[in-house]
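Chain residues, written in single-letter form:
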Amino acid sequence: MSAFPQKGLVRAVRGAFASAVLMSALTATTAMAGDATLIDFGASPKASQAVTVNGNTVTIVQGGTYRLSGKADGSQLVVNCGDQPLTLIFDNLQLTSGAGAAIDIRAAGDVEIQLAAGSDNLLADVKGSNLPAGSDANATLYSKADLKITGAENARLAVIGEREDAIVSKDDLDIRKLELAIDAADEGIRGKDSVDIRDSRISIQAGGDAIKSDNTENEEKGFVHVEGSRLMIKAGDDGIQGVRAVDIVDSRIRIEESNEGIEGRFITFHSGQIYVVSKDDAVNVSEKKAASKEEEGLGSKLSSMWQGRGKGGGGHGKAIDGKVTIINADIFLKSGGDGLDSNGHAEMQGGRLIVDGPLSRGDGYIDVDGDFKLSGGYLLATGSSGMAQTPSDTSTQPIIQVNLDTPITAGQHFKVIDTDGTVVLDYPAPADFQSLTLSAPELKLEHTYKVMIDDQPVTDLTLASLITRHGEAGRGGPRGDRGKKPWWDFNGKDRPPRDGERPPHDDDHHQDS
């Protein structure tokens, strides 16, 4: 599939439907072609046994296969076919709803949306529109049933959620071989039970979470799986959130804007390339629990949402049953808060992890409450010395940490050189930092290494133990620039707390967020 800019795709899809080709495909609303019922939104509405028409609302009342095409503004497709399975084929469809979802799947068995080969398709809603009677759809494409969306060769889909969300399934949401562009006022892609994306190419711009699965009631649900895909994300809140688990396999993910980058209880980077920029934590292992009926008060909601968010630093708080695992992925994190933040545990077996953390002393480039075992790979983390943390002594690969008296400035080269002249590290600082933690296969116990900034020596380090430190690292102190902002400005929004959010207290500069 070819690369595409999100806004460019949306304009291209809109422009394509201005042509007369799509407007003259059929002369009736419904017709039969093979085993598919054709519905042309560009023709005069007519009802059939399987389809009812009421004003600008077309309703499918029987399961089966339907081919949708044509252009309509102010129209809506409703699906209400009980538990019968349904297939919708988008064949150059441009549907903009005047009220609520463009496609509202209220009752059906399993639903699959297929793109016709070579088709350009667009779904959109209208900002500020009211929901029609009988609908609670909060997304442009909304389904109460399991939903699968499958692409095709040279086919594309754009979904614009100006009112709220773009794509929502209240059950499982599967995406396969799809080229997709999303622009949403709030959430981009949400599958309450799960989001499973494979072999797809997706661009998302969302005012809230970009990709989300948030079923806290079922221990086997609430996961996000991304495999063999390319994602480009700009999010006002989380880039990817799976309350139970997030798994990334052989994918290229670029989160260019987020409040928190990737969040979940169990996060596993199997393979691929992951780039995250965040205003707060870049990767965050946390636990969200469903509130019981007795716990529906505001205090209980806050407690459940913030379960396990204790003091910063490894082993310094009670670790939750959660973990971030790096098996063999290349990861770059640039965070305004903590870089790799786990309220549970962490493990690194291979791959590369580079963390560009902040200088604010209340944030750490690594912040793990439990055990952080490093057995392989390449770790380079920089930021403040106030919250500087290394992997745990359960690790099996040597680790060095250097804490400087004064910060290194962006552009200067931080070097680690073996006494035999082998350069282990020559790192041009991307930003100012005062602490650096390094682990690499080239580091050997009992070897001595020269630490330099440009050509100026800092110290000689002999690795007499698994973890070797230079300089002082401590916790506490002011939060730096982040501490000067109103707390709600961390995500760029001037607003009071939402349900489930906790306003920080004066002593919160020691707490993980």
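Structure: see above.
All values derive from a computational prediction rather than experimental measurement.

Criteria and cut-off values
Residues numbered from 1 in each chain as written. Predicted model: local features only at pLDDT ≥ 70, side-chain atom pairs only at ≥ 80, totals over all residues. Heavy atoms only, no water. Helix = DSSP H or I, 4+ residues; strand = E, 2+ residues; numbered from the N terminus. Buried < 20%, exposed > 50% of the residue type's maximum accessible area, 1.4 Å probe, protein only. Areas by Shrake-Rupley, 256 points an atom, 1.4 Å probe, with all protein chains shown as cover. Pairing = 2+ DSSP bridges. Core = buried A, V, L, I, M, F, W, Y, C linked by side-chain atoms within 4.5 Å. Axes fitted to C-alpha atoms, helices over the stretch in contact; angles between N-to-C directions. Polar contact = N/O pair within 3.5 Å; in protein donor to acceptor, adjacent residues only side chain to side chain. 1 Å grid on protein atoms, 1.4 Å probe; cavity = no way out; pocket = protein on both sides within 12 Å on 5 of 7 lines; lining within 4 Å. Points joined across faces, edges and corners; volume = space filled by probe spheres on them. Salt bridge = Lys/Arg side-chain N within 4 Å of Asp/Glu carboxyl O.

Draft legend 1. Main features of the overall build of the chain. Within the chain one finds three helices and 40 strands. The buried share of the chain, taken over its 513 residues, is 55%. On the chain, roughly 20300 Å² of surface is accessible, and the fraction owed to carbon and sulfur atoms is 47%.

Draft legend 2. How the structure looks around the pairing of strand S11 (residues 139-143). Most of S11 is tucked away: five of the five residues are buried. As defined by bridge partners, strand S8 (residues 103-107) adjoins S11 across three bridges and the pair is classed as parallel. In the sheet register, Ile103 faces S11, and the bridge partner there is Leu141.

Draft legend 3. Representation of the nonpolar core. Core analysis: the largest hydrophobic core is formed by 85 residues, its most contacted members being Phe90, Ile189, Ile211, Ile240, Ile262 and Phe269. The next biggest cluster of nonpolar side chains, apart from the first, holds 22 residues, and it includes Ile408, Phe414, Ala440 and Ile453.

Draft legend 4. The arrangement of the pairing of strand S23 (residues 238-249) in detail. Across the 12 residues of S23, 11 count as buried, placing the element largely inside the fold. Here strand S20 (residues 211-213) runs beside S23; their pairing, made up of three bridges, is parallel. From the neighbouring strand, Ile211 faces S23, where its bridge partner is Ile240. Relative to S23, strand S21 (residues 223-227) is paired through five bridges, and the arrangement is parallel. Within S23, the position partnered with Phe223 by the bridge is Ala245. In this sheet, strand S25 (residues 260-278) lies alongside S23 in parallel orientation, the contact comprising eight bridges. When the sheet's bridge partners are listed, Asp238 is paired in S25 with Glu260.

Draft legend 5. Fine view of the sheet that holds strand S39 (residues 456-462). The strand order across the open sheet built from four strands is S36-S35-S38-S39, with neighbouring strands paired in antiparallel fashion. Each edge of the open sheet carries a strand with a single partner, namely strand S36 (423-428) and S39. Each adjacent strand pair in this sheet contributes to an overall mean axis angle of 15°, direction not counted. As paired strands, strand S38 (residues 448-453) and S39 are joined by six bridges and run antiparallel to one another. For Met452, the partnering residue across the bridge sits in S39 and is Pro457.

Draft legend 6. Examining the side chain of Asp120 more closely. By the element assignment, Asp120 lies in strand S10 (residues 120-124). A relative accessible area of 17% means that Asp120 is categorised as buried. Polar side-chain contacts of Asp120 include one of 2.9 Å to the side chain of Arg156.

Draft legend 7. Local environment of empty space enclosed by the protein. Overall, the coordinates contain one cavity of 30 Å³ or more when judged by the stated rule. A volume near 30 Å³ is recorded for the largest cavity. Taken together, the elements giving at least two residues each to the lining of the largest cavity come down to S23 and S25. Of the residues forming the lining of the largest cavity, the biggest block, three residues, is contributed by S25.

Draft legend 8. Here's a closer look at the pattern of salt bridges. Inspection of the entire model under this criterion finds 25 salt bridges. Measuring nitrogen to oxygen at the nearest pair gives 2.8 Å for the salt bridge that ties Asp196 to Arg198. For Arg198, a relative accessible area of 28% puts it in the partly exposed group. One salt bridge connects Glu227 with Arg198, and the closest N-O pair in it is separated by 3.2 Å. Of this pair, Glu227 sits in strand S21 while Arg198 sits in strand S18 (residues 194-198), and the two are 29 residues apart along the sequence. When salt bridges with common partners are traced through the structure, they connect Glu187, Arg190, Asp209, Lys212 and Asp214 into a single cluster.

Draft legend 9. Region of the structure containing the environment of Gly55. Here Gly55 lies in the loop between strand S3 (51-54) and strand S4 (57-60). For Gly55, a relative accessible area of 53% gives the class exposed. C-alpha of Gly55 to C-alpha of Ser75: the two residues are 20 residues apart in sequence and 8.5 Å apart in space.

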